[in-house]
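Below, each chain spelled out in residue letters.
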Amino acid sequence: MEPVDLILLCTAAFAAGLVDAVVGGGGLIQIPALFGILPQAQPATLFGTNKLASIFGTASAALRYSRRIDVPWRAALPAAFSAFVMAYFGAMTVSLLPKEWLRPLVLLLLIVVTAYTYTRKNLGAVDQNRVHGRRDMLLAVFFGGVIGFYDGFFGPGTGSFLVFMFVRFFGLDFLRASASAKIVNATTNLAALLYFGANTYILLVTGLAMAVFNIGGSLVGSHLAIPHGAAFVRRVFLGVASVFIVKFAWDTFA
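Residues numbered from 1 in each chain as written. Predicted model: local features only at pLDDT ≥ 70, side-chain atom pairs only at ≥ 80, totals over all residues. Heavy atoms only, no water.

**A word on the pattern of salt bridges**
Two side chains that carry opposite charge are able to pair once their charged atoms sit near each other.
So, step 1. Within the structure shown, the criterion is met by five salt bridges.
So, step 2. A salt bridge links Lys-51 to Asp-151; the nearest nitrogen and oxygen atoms lie 3.0 Å apart. Here Asp-151 lies in helix 6 (residues 134–153) and Lys-51 lies in helix 3 (residues 43–68), a separation of 100 residues in the sequence.
So, step 3. Given a relative accessible area of 5%, Lys-51 falls into the buried group.
So, step 4. In this structure Asp-151 comes out as buried when scored by relative accessible area, which is 3%.
So, step 5. Here Arg-176 and Asp-70 are joined by a salt bridge, their closest N and O atoms 3.8 Å apart. Of this pair, Arg-176 sits in helix 8 (residues 174–198) while Asp-70 sits in the loop between helix 3 and helix 4 (73–92), and the two are 106 residues apart along the sequence.
So, step 6. Arg-176 sits in the buried class, given a relative accessible area of 13%.
So, step 7. Judged by relative accessible area, Asp-70 falls into the exposed class, the value being 57%.
So, step 8. It is possible to trace a salt-bridge network through shared partners that takes in Asp-70, Asp-127 and Arg-176. (Salt bridge = Lys/Arg side-chain N within 4 Å of Asp/Glu carboxyl O. Helix = DSSP H or I, 4+ residues; strand = E, 2+ residues; numbered from the N terminus. Buried < 20%, exposed > 50% of the residue type's maximum accessible area, 1.4 Å probe, protein only.)

**Details of the packing of helix 1 (residues 3–23) against helix 9 (residues 204–253)**
So, step 1. One can describe the packing of helix 1 onto helix 9 by two numbers: an axis separation of 3 Å at closest approach and a directional angle of 35 degrees. Crossing of helix 1 over helix 9 shows right-handed handedness.
So, step 2. Its residues assigned to classes, the contact of helix 1 with helix 9 comprises 21 nonpolar, eight polar and no charged. (Axes fitted to C-alpha atoms, helices over the stretch in contact; angles between N-to-C directions. Left-handed = near helix turned anticlockwise from the far one by under 90°. Nonpolar A, V, L, I, M, F, W, Y, C, P; charged D, E, K, R; others polar.)

**Observations concerning helix 1**
One full turn of an α-helix is made of 3.6 residues, so residues set three or four places apart face in the same direction.
So, step 1. With 21 residues, helix 1 should cover 30 Å at 1.5 Å per step; its first-to-last C-alpha distance of 31 Å lies within 8% of that length.
So, step 2. Turning to helix 1, its buried residues number three or more, namely Leu-9, Cys-10, Ala-12, Ala-13, Ala-16, Gly-17, Val-19, Asp-20, Ala-21, Val-22 and Val-23.
So, step 3. Trailing helix 1 by a residue or two, Gly-24 shows a phi angle of about 90 degrees, which is positive. (Expected span 1.5 Å × (residues − 1).)

**Overview of the packing of aromatic side chains**
So, step 1. Taken as a whole, this structure holds twelve aromatic pairs when the rule is applied.
So, step 2. Taking 6.0 Å as the distance between ring centres and 80 degrees as the angle between the ring planes, the aromatic pair formed by Tyr-150 and Phe-161 counts as edge-to-face. Here Tyr-150, found in helix 6, pairs with Phe-161, found in helix 7 (residues 158–170); they are eleven residues apart in sequence, far enough to count as distant.
So, step 3. A relative accessible area of 11% places Tyr-150 in the buried class.
So, step 4. We classify Phe-161 as buried; its relative accessible area is 13%. (Phe/Tyr/Trp six-rings, centres within 6.5 Å; stacked < 30°, edge-to-face > 60°.)

**Observations concerning a nonpolar patch on the surface**
So, step 1. Together, Phe-81, Val-85, Tyr-88, Phe-89, Met-92, Leu-190 and Leu-194 give the surface a local cluster of nonpolar side chains, amounting to about 630 Å² of exposed area.
So, step 2. Broken down by element, the residue count for the nonpolar patch peaks at five residues, all from helix 4.
So, step 3. Tracing the sequence through the fold places Leu-190 in helix 8.
So, step 4. By relative accessible area, which is 37% here, Leu-190 ends up partly exposed. (Patch = residues over 30% accessible without salt bridge, like charges linked within 9 Å, V, L, I, M, F, W, Y side chains within 5 Å. Areas by Shrake-Rupley, 256 points an atom, 1.4 Å probe, with all protein chains shown as cover.)

Structure, rendered in structure tokens:
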């Protein structure tokens, strides 16, 4: 690999960490960069390298949020456990199933989620301070499992889907939802990384170099999100989701 290629990948990793720390969506930047700069590598290897680069930034953001934000653990932990298990199985299917059939479905879901959030101006603006009981814990297991499998199998948009899940179904504001999403996303990254690592689907040196810059971007992103609150995270969410829609539409129909 040429030094300039590594510089470009590390720059993409920094930008991905920043966006991902606020609202998710770093895969929109990091995965295309890996595929564009390393076209000769196997797709599974690039996905594994992406997970290695991402997990440190996601984990650092989760730790920073958990120290500053009141995380709803009764919802976040069941979702994280279920997501971890299903993300591992999702990673196992990377080399077995074609992803092309999934793109139209993801595009449709992104349009629905973005439109729903945009039309409901107060959604996620104020935390409902809901006490999460057994029903919410079961919902967390279900949604965590579904999104976890998707993250292990494909990935782009996982953070946005998790944020929307915690806002819509658990009554959190966007800031607490983003904090909870980071915790779940860290476990999905770990599960997928365990599979890819066990099967040597990782470019170790490249992934570790990108991880350093991903952490840097994550620190900047969480530093922006925490003081600016739910309204700022909501605006970033809508912006990132809109870019996702354009990207997926282009990939699906172009």
